[in-house]
Amino acid sequence: MIIDLLTQGVEMILVLAIAPLLTGFVRKVKARLLRRQGPSVWQPYRDLLRLARKEVVLAENASWLFRTAPYLIFAATWVAAALVPTFASGLMFSWAADLIAIIALLGSARFFLALAGMEVGTAFGGIGSSREAMIASVAEPAILMMVFTVALIAGSSQLSTVARFMATAEAGLRVSTGLALFALIIVALAENARIPVDNPATHLELTMVHEAMVLEYSGRHLAVIELAASLKLLLYLSLIGCIFIPWGMAASGGGITGYLIGSLLYLAKLGVLGLGLALFESAIAKMRVFRVPQFVGAALMLGLLGTLLLFF
Amino acid sequence: MDKLVFDIAHLLAGSVLLVSFMMLYQNRLSALLNLFALHAVILAFSVAWQAHLQDAPHLYVTAMIALFFKALFIPLALHRIVVRLNIHRQIENVVGVGPTMLLGMGLAALGMLLMVRITPDSDLLGREDLGFALSTVMLGLLLMVARRNAVSQVIGFMSVENGTILAATGAKGMPMVVEISVAFSILIAFIVIGVFLFRIRERFDTVDLQALDQFRGEQG
């Protein structure tokens, strides 16, 4: 019992600790691909520290919601990240909620972010919130269809069970799995404000979505929001890792060596996925905002098709 | 192990269908041509895998034809035509991308339902492969209906042919003669279409086939 709790604690600390590193890594690879030196991979940690030490500047008409929203967003994202099997499946908390609950947690985080964007009443925040809602209204059904596909294949929506099933030979290579993978990748790009949908590297662009919503935040509030954004990216990559490349994940009670091997493999998976993300982002141009629903709609279609194929 | 071999065949057939969907989604002409090349490459892999599976060496020839003609020659030639016609940056849809994709989903579901219903005694994977092939054919037809540009209609036509090849290789035992004659008729069709594209362009100053609707024959 104590050991279980301890492992779960280590997992939660681990995801929190390496989330900024992942963001830094992706930025570094992107910079190198553009033949720039780029900031060090530790830069996000320095940014977070600097922001945490700075004073918070609040708008005069900001209410309590504006001040509490960052913590709510962070808490929801962190809990969701704790539910995803990273280096080991079947950890203590993962039995508390399934994939649909994770999506609900992320959905509520997005709800608070959109509210916070509109709170102060600036034009940019409002635009950002409305665009976020527009993207989410397509992305959420898409990810739910993906969940249904995976749950129909694995016979459960519990992520630990899914990860274990996917690692067995019984899962095989299915067309539906491939379609679900594509759908999840598209949704992950849209949800994390990555390039074809939003540009994570800019603050001043008329088409920005995520940055527009957090434009009014400063100091420790901004630090918490940035950390939550890194955590969300880590969560989506872990989700792809645990559903589609679950090999080498330790089982619960696998002993220290099992956990260590699982952690190393988990880091390797994150590295490969991060590299892939950076390559993809460097190769593609940003879309018009009005094309985004089509792009995310394609994920919805793929999820739908994947579910459909399972009924024959 | 045996299951994995069939799974790979199934996955390749599914990928052909997926690329068909991507072609429906893509509405820029040069990207569409690249996707068509990808379509043919995956088809070639799928056919080669079937050749390995069924131990039918003549299917390797089919795969080579798909690879060289449809993945290299035709896309390259179409790229040149598109650049010479100066339309490589534009494309007109008759219907928007969203409704087209929805229609495509409906057609894919129809194809699967039909195939699974009418072939109840063969194994499930083979039936699904046939379903994928039929869906690919119908998506190709949909692409021809949904686009007004003559070049994208040509691509729709070619992807219909890819679908029939997929069906024929999955079904075991397509004669070599049929395959070669189909490949050559496609090539001839391509040449004829290529000539026609320039003729249409010369006469109407556009390759938008709606211009043909108003055409009432040569006057005087």
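Because the structure is a prediction, the values reported are computed rather than measured.

1. Overview of helix 9 (residues 219-244) of chain A
Consideration 1: If you check helix 9 of chain A, its first and last C-alpha atoms are 38 Å apart, about what 26 residues at 1.5 Å a residue would give, namely 38 Å.
Consideration 2: Taken across its 26 residues, helix 9 of chain A has 22 buried, putting it largely inside the fold.

2. Notes on the environment of Val5 of chain B
Residue and element names in this part refer to chain B.
Consideration 1: Mapping Val5 onto the fold places it in helix 1 (residues 2-25).
Consideration 2: In this structure Val5 comes out as exposed when scored by C-beta crowding, with 12 C-beta atoms within 10 Å.
Consideration 3: A sequence separation of 47 residues divides Val5 from His52, and the C-alpha atoms of the two residues are 9.9 Å apart.

3. Details of the interface of chain B and chain A
Consideration 1: Listed as interface residues are 18 residues of chain B and, on the opposing side, 14 residues of chain A.
Consideration 2: Of all elements in the fold, only helix 1 and helix 4 (97-118) of chain B reach the threshold of two or more residues within the side of chain B that touches chain A.
Consideration 3: Ranked by residue count, the leading element in the side of chain B that touches chain A is helix 1 of chain B, at nine residues.
Consideration 4: A per-class count over the side of chain B that touches chain A returns 12 nonpolar, three polar and three charged.

4. Details of the confidence of the model for chain A
The predicted coordinates ought not to be read in detail in places where the model reports low pLDDT.
Consideration 1: Summing up the model confidence of chain A, the mean pLDDT is 90 and the portion of residues at 70 or higher is 98%.
Consideration 2: The least confident element of chain A, judged by mean pLDDT, is helix 11 (residues 292-309) of chain A at 87; the most confident is helix 2 (residues 43-53) of chain A at 95.

5. Focus: the packing of helix 1 (residues 2-33) of chain A against helix 10 (residues 255-283) of chain A
All names here are of chain A.
Consideration 1: The geometry of helix 1 relative to helix 10 is characterised by a closest axis approach of 9 Å and an angle of 45° between their N-to-C directions. The angle between the axes of helix 1 and helix 10 places the two elements in the oblique class. When you trace helix 1 past helix 10, the crossing you get is right-handed. For the pair formed by helix 1 and helix 10, the contact residues are Leu22, Phe25, Val26, Val29, Lys30 and Leu33 on the first element and Leu270, Gly274, Leu275, Leu277, Ala278, Glu281 and Ser282 on the second.

6. A few points about the packing of helix 2 of chain A against helix 9 of chain A
Residues and elements named next belong to chain A.
Consideration 1: Helix 9 packs onto helix 2 with a crossing angle of 150° between their chain directions and a minimal axis gap of 7 Å. Classified by the angle between their axes, helix 2 and helix 9 sit roughly antiparallel to one another. On helix 9, the residues touching Pro44, Leu48, Leu51 and Ala52 of helix 2 are Gly219, Arg220, Leu222, Ala223, Glu226, Leu227 and Ser230.
Consideration 2: Here the residues of the contact of helix 2 with helix 9 are counted per class, giving seven nonpolar, two polar and two charged.

7. Points about the environment of Ile155 of chain B
Residue and element names in this part refer to chain B.
Consideration 1: Summarising the element assignment, Ile155 is placed in helix 6 (residues 150-170).
Consideration 2: For Ile155, a count of 24 C-beta atoms within 10 Å gives the class buried.
Consideration 3: Beyond its immediate stretch of four places on either side in the chain, Ile155 contacts Met23, Leu32, Phe36 and Leu143.

8. Considering the nonpolar core
Considering soluble globular proteins, one finds that nonpolar side chains tend to be buried as a cluster.
Consideration 1: Membership of the largest hydrophobic core comes to 156 residues, with the highest contact counts inside it found for Ala142, Met146, Ala183, Val187 and Val296 of chain A together with Val151 of chain B.
Consideration 2: Among the elements that make up this core, the one with the highest residue count is helix 9 of chain A (16 residues).
Consideration 3: With sequence-adjacent residues up to four places away left out, Ala183 of chain A is seen in contact with Ala142, Met145, Met146, Ala299, Leu302, Gly303 and Gly306 of chain A.

Criteria and cut-off values
Residues numbered from 1 in each chain as written. Chains lettered and ligands numbered in written order. Predicted model: local features only at pLDDT ≥ 70, side-chain atom pairs only at ≥ 80, totals over all residues. Helix = DSSP H or I, 4+ residues; strand = E, 2+ residues; numbered from the N terminus. Expected span 1.5 Å × (residues − 1). Buried ≥ 20, exposed ≤ 12 C-beta atoms within 10 Å, placed from the backbone. Contact = placed C-beta atoms within 7 Å. Nonpolar A, V, L, I, M, F, W, Y, C, P; charged D, E, K, R; others polar. pLDDT = per-residue confidence, 0-100. Axes fitted to C-alpha atoms, helices over the stretch in contact; angles between N-to-C directions. Parallel < 35°, antiparallel > 145°, perpendicular 65-115°, else oblique. Left-handed = near helix turned anticlockwise from the far one by under 90°. Core = buried A, V, L, I, M, F, W, Y, C linked by C-beta atoms within 7 Å.

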